[in-house]
Every structure is written in structure tokens, then in C-alpha cells.
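# Residue-level structure breakdown
Chain by chain, the residues run as shown.
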Amino acid sequence: MVAPAFPAYLPNRLPVGAVIAFAGKTQQIEMYGWTECDGRSLEVAQYFELFNALDYNYGGSGSHFQIPDLRSQVIAPGISYIICFTAEGSAAALEIPTE
């Protein structure tokens, strides 16, 4: 069974750089324009939309910037924070297997 997940419940679009709490499986979200807020370094050229939103606010320089690291910010067990990195991701209807 496949259940609709984020952002099927949200109207319209979220801006690139939007961070949300997410209770689904995060292994599949990058293909939909979302990634975990794990503090990693990304290439400016590959993630230019997100770089335009974040700049070097969370670290990095030159051709790399960092995304926020929110792994220690726990609101409930099993909840991850994810960040939108493309305009397509802000409008995607992501479906995640529930089994």
C-alpha cells in the first residue's frame, strides 16, 4: 500500500529552503527535491536554487555551502527535518511506501 505524504497535504508551493518536520522514510525524498537537514556540504553548481536561498549562512565557501544540521532537534521519535532544494520539490506530491 502506498500512502500520500508530503507535500500532498499542503496548498500550492513552499519556497526553496523551506524546512519541515517529516515522519516518513527519508531515503526516497531526494528524487522529489527534498533532503535531510544533516549539515552536509553541497555543491553550489548542483544545488544553485538552495544556495540562492541559504548562501553560506550555515557554513561553506567557494564552490560548496552547508545546509542546516537539525539532527539534534527532536520533536518526537522518528521525526526528521527535511529541506526543499528545488522549485519542483516545493510542488511535488511525494508518495512513500507504508510497508
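About the cut-offs
One numbering rule holds for all chains: residues counted from 1, following each sequence as written. For a predicted model such as this one, the threshold for reporting local features is a pLDDT of at least 70, and the threshold for listing and counting side-chain atom pairs is 80 or more; totals across whole chains, interfaces and linings nevertheless cover every residue. Side-chain measures were taken over the full set of non-hydrogen atoms in the model, leaving aside hydrogen atoms and water. Each helix corresponds to a stretch of at least 4 residues labelled H or I by DSSP, and each strand to a stretch of at least 2 residues labelled E; elements are numbered beginning at the N terminus. Working definition: with a 1.4 Å probe on protein chains only, accessible area under 20% of the residue-type maximum means buried, over 50% means exposed, and in between means partly exposed. The criterion used for residue contact is that any of the two residues' heavy atoms lie within 4.5 Å. In this description, a nonpolar core means a group of buried Ala, Val, Leu, Ile, Met, Phe, Trp, Tyr and Cys residues linked to one another through side-chain atoms lying within 4.5 Å.

This next bit is on the environment of Pro15. Summarising the element assignment, Pro15 is placed in the loop between strand 1 (2–4) and strand 2 (19–22). Judged by its relative accessible area of 57%, Pro15 is exposed. A C-alpha to C-alpha distance of 7.2 Å links Pro15 and Ala87, two positions 72 residues apart in sequence.

Relative to the assigned elements, Ser80 resides in strand 7 (residues 80–84). Taking the relative accessible area as the measure of exposure, Ser80 reaches 18% and is therefore buried. Sequence spacing of Ser80 and Leu70 is 10 residues, and the spatial spacing of their C-alpha atoms is 8.1 Å. Non-local contacts of Ser80, meaning those with residues more than four positions away in its chain, are made with Ile20, Ala21, Phe22, Thr26 and Glu36.

With that settled, the discussion passes to the nonpolar core. Counting residues in each nonpolar core, the largest one holds 12 residues, listed as Cys37, Leu42, Val44, Tyr47, Leu50, Phe51, Leu54, Phe65, Ile67, Tyr81, Ile83 and Phe85. Discounting residues that sit within four places of it in the chain, Leu42 has contacts with Tyr47, Leu50, Ser63, His64, Phe65 and Ile67.

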